[in-house]
Amino acid sequence: MKTLHTVVAVLGIGAAGTLAWWWQQRAPVGGAPVLAASAAVPAAQPVAAAPVEIGRVELARIEDDAQAVGSLRARQSVMLRPEVSGRIAKFGFENGARVRRGQLLVQLDDTLQRAQLQQAQAQASIARTTLERNRELLAQNFVSASAVDQSAAALEVAQAQVALAQAQLARMRIEAPFDGVAGIRTVDLGDYVKDGTDLVSLEDRSAMWVDFRLAERYLARLKTGQGVEVQIDALPGRGFKGTVEAVDALLDANGRSLLVRARLSDPQGELRSGMFARARTVFAVREQATLVPEEALVPQGGKQFLIKVVDGPNGKVSQRLEARIGVRLPGKVEILEGLSGGDQVVTAGHARLLRGESVPLRAVDIDAPAAPKRPPRAASSAA
């Protein structure tokens, strides 16, 4: 009897378990199986917006230029030096005075040279007379033709001696080679000077040049007639206009730079040779150039990128652009394409945005004042 009860209890427990399993796995009214709570798929969560700082694209007039330093020089400048040694006998100018071409500036003692010239002229006169007499005698058959030829040769030698003496005498005179302004002489009357000694400088300041060097990358953009703006440290607040007159044919192999010479306008005659100058060569002018803060650029893989803020379906999202950079200014960078005036770009918070496109953005204003903190409430005292 006890065994029968045990078998009935086991069969009842098995039937109850089978019924419970069938109840859990049965299809609902709609026909879809009921899944266990552990196997349910979680609902999609919205992507959090990335906090970023935003800057605005500006339109401005910029000039594509190159800046360099150089020195001024006069149109013509020379240091006068004697070709021969001698004692200074006379000055024909005043220090700092304007002189004319051919004007005597320094006269060396030429007593010996004048005597040599007179001797050569006398010998030439004798040779000329001898030649004329021999020609008359040849007509009367008193001398041979060879005697006449020898007399003619002697005359030519005497005339050459005269030319030599005249050249030696001319070297004792130092004249102005061009119109200009004389400097301050470095010698005095009666000084004995050797050949090559500095006497006085002479400058033609009818036109002034500025010489400066630019990097070789500007070679293809340089041409004669381009405008140059020059600032002189010795004349603060003054600007001088000029034009490129010549570009050197050779580059400096040491610095890979190119010598440029520009002509300056100096109507008041204020400029002097040797002045330190700051030259700016203008290549192009863009009236509506797009500028962004330099913080907007992000280098990646040898290129420059920026993040543009555009409208998305649910707000502002990111758009990555490769930046074509033009002119760099203090704190600003010109972008040649892809942006317009009034566009917005990300200036901080790029790390997350470079890994994907159309990332939601949330602008953060770091300059906004922080909300004042509420003072702590004082604890009420026990009654």
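Residues numbered from 1 in each chain as written. Predicted model: local features only at pLDDT ≥ 70, side-chain atom pairs only at ≥ 80, totals over all residues. Heavy atoms only, no water.

Chemist: Could you clarify how one ought to interpret the side chain of Arg-280 in this entry?
Modeler: With respect to the secondary-structure elements, Arg-280 resides in strand β13 (residues 276-293). Look at Arg-280 and you get buried, because its relative accessible area is 18%. A polar contact is formed between the side chain of Arg-280 and the side chain of Glu-63, at a distance of 2.8 Å. Here the side chain of Arg-280 touches Asp-65 through a polar contact of 2.6 Å, side chain to side chain. If near-sequence neighbours (up to four positions away) are discounted, Arg-280 is found in contact with Glu-63, Asp-65, Ala-66, Gln-67, Gly-227, Val-228 and Glu-229. (Helix = DSSP H or I, 4+ residues; strand = E, 2+ residues; numbered from the N terminus. Buried < 20%, exposed > 50% of the residue type's maximum accessible area, 1.4 Å probe, protein only. Polar contact = N/O pair within 3.5 Å; in protein donor to acceptor, adjacent residues only side chain to side chain. Contact = heavy atoms within 4.5 Å.)

Chemist: Sorry, what's going on with a nonpolar patch on the surface here?
Modeler: On the surface, a cluster of nonpolar side chains totalling about 210 Å² of accessible area is made up of Leu-219, Val-247 and Leu-251. Secondary-structure assignment places Leu-219 in the loop between β9 (200-215) and β10 (227-232). Leu-219 sits in the partly exposed class, given a relative accessible area of 42%. (Patch = residues over 30% accessible without salt bridge, like charges linked within 9 Å, V, L, I, M, F, W, Y side chains within 5 Å. Areas by Shrake-Rupley, 256 points an atom, 1.4 Å probe, with all protein chains shown as cover. Salt bridge = Lys/Arg side-chain N within 4 Å of Asp/Glu carboxyl O.)

Chemist: Sorry, what's going on with the side chain of Asp-211 here?
Modeler: Here Asp-211 lies in strand β9. A relative accessible area of 16% means that Asp-211 is categorised as buried. In this structure the side chain of Asp-211 is engaged in a polar contact, spanning 2.8 Å, whose partner is the side chain of Arg-261. Not counting the four nearest positions on each side in its chain, Asp-211 is found in contact with Gly-70, Ser-71, Arg-73, Leu-259, Val-260 and Arg-261.

Chemist: Sorry, what's going on with the pattern of salt bridges here?
Modeler: Pairs can form between side chains of opposite charge whenever their charged atoms are close. The full count for this structure, using the stated rule, is 21 salt bridges. Put simply, Glu-229 and Arg-280 hold a salt bridge, and the shortest N to O gap is 2.6 Å. Of this pair, Glu-229 sits in strand β10 while Arg-280 sits in strand β13, and the two are 51 residues apart along the sequence. Glu-334 is the partner of Arg-286 in a salt bridge, and the nearest nitrogen-oxygen pair spans 2.7 Å. Placement of Arg-286 in strand β13 and of Glu-334 in strand β18 (residues 332-335) is noted, with a sequence separation of 48 residues between them. Here Arg-286 falls in the partly exposed class, since its relative accessible area comes to 28%. For Glu-334, a relative accessible area of 3% corresponds to the buried category. Salt bridges linked by common partners bring Arg-61, Glu-63, Asp-65, Glu-229, Lys-241, Arg-280 and Glu-287 together as one network.

Chemist: Looking at this model, I keep getting lost on the packing of aromatic side chains. Mind explaining?
Modeler: Aromatic rings in a pair are described by how distant their centres are and how their planes are angled relative to each other. Evaluated as defined, the whole model comprises 2 aromatic pairs. Where Phe-91 meets Phe-93, the ring centres are 6.1 Å apart and the plane angle is 85 degrees; that geometry is what we call edge-to-face. Like Phe-93, Phe-91 is buried. Taken together, a centroid distance of 5.4 Å and an interplanar angle of 15 degrees make the contact between Tyr-218 and Phe-283 stacked. In this pair, Tyr-218 is assigned in the loop between β9 and β10 and Phe-283 in strand β13, connecting sequence segments 65 residues apart. Stacked on the ring of Trp-209, the Lys or Arg Arg-263 has its end atom at 5.5 Å from the ring centre. (Phe/Tyr/Trp six-rings, centres within 6.5 Å; stacked < 30°, edge-to-face > 60°. Lys NZ or Arg CZ within 6 Å of the ring centre and 35° of its normal.)

Chemist: Teacher, can you tell me more about helix α2 (residues 111-139) here?
Modeler: Note on helix geometry: an α-helix contains 3.6 residues per turn, so any two residues three or four positions apart are oriented the same way. In this model α2 runs 43 Å from its N-terminal to its C-terminal C-alpha over 29 residues, within 8% of the 42 Å that 1.5 Å per residue would give. Among the residues of α2, those classed as buried are Gln-113, Leu-117, Ala-120, Ala-124, Ala-127, Leu-131 and Asn-134. Residues of α2 that are buried in the fold lie against α3 (145-170). (Expected span 1.5 Å × (residues − 1).)

Chemist: Can you walk me through the confidence of the model for the protein in this structure?
Modeler: Mean pLDDT for the protein: 82, with 83% of residues reaching 70 or above. Averaged pLDDT values for the elements of the protein fall to 64 in helix α1 (residues 2-25) and rise to 95 in strand β5 (residues 104-108). The low-confidence segment residues 27-44, where pLDDT is below 50, has 3 contacts with residues more than four positions distant or belonging to other chains. Below pLDDT 50 for its whole length, residues 378-383 participates in 0 contacts with residues either more than four positions away or in separate chains. (pLDDT = per-residue confidence, 0-100.)

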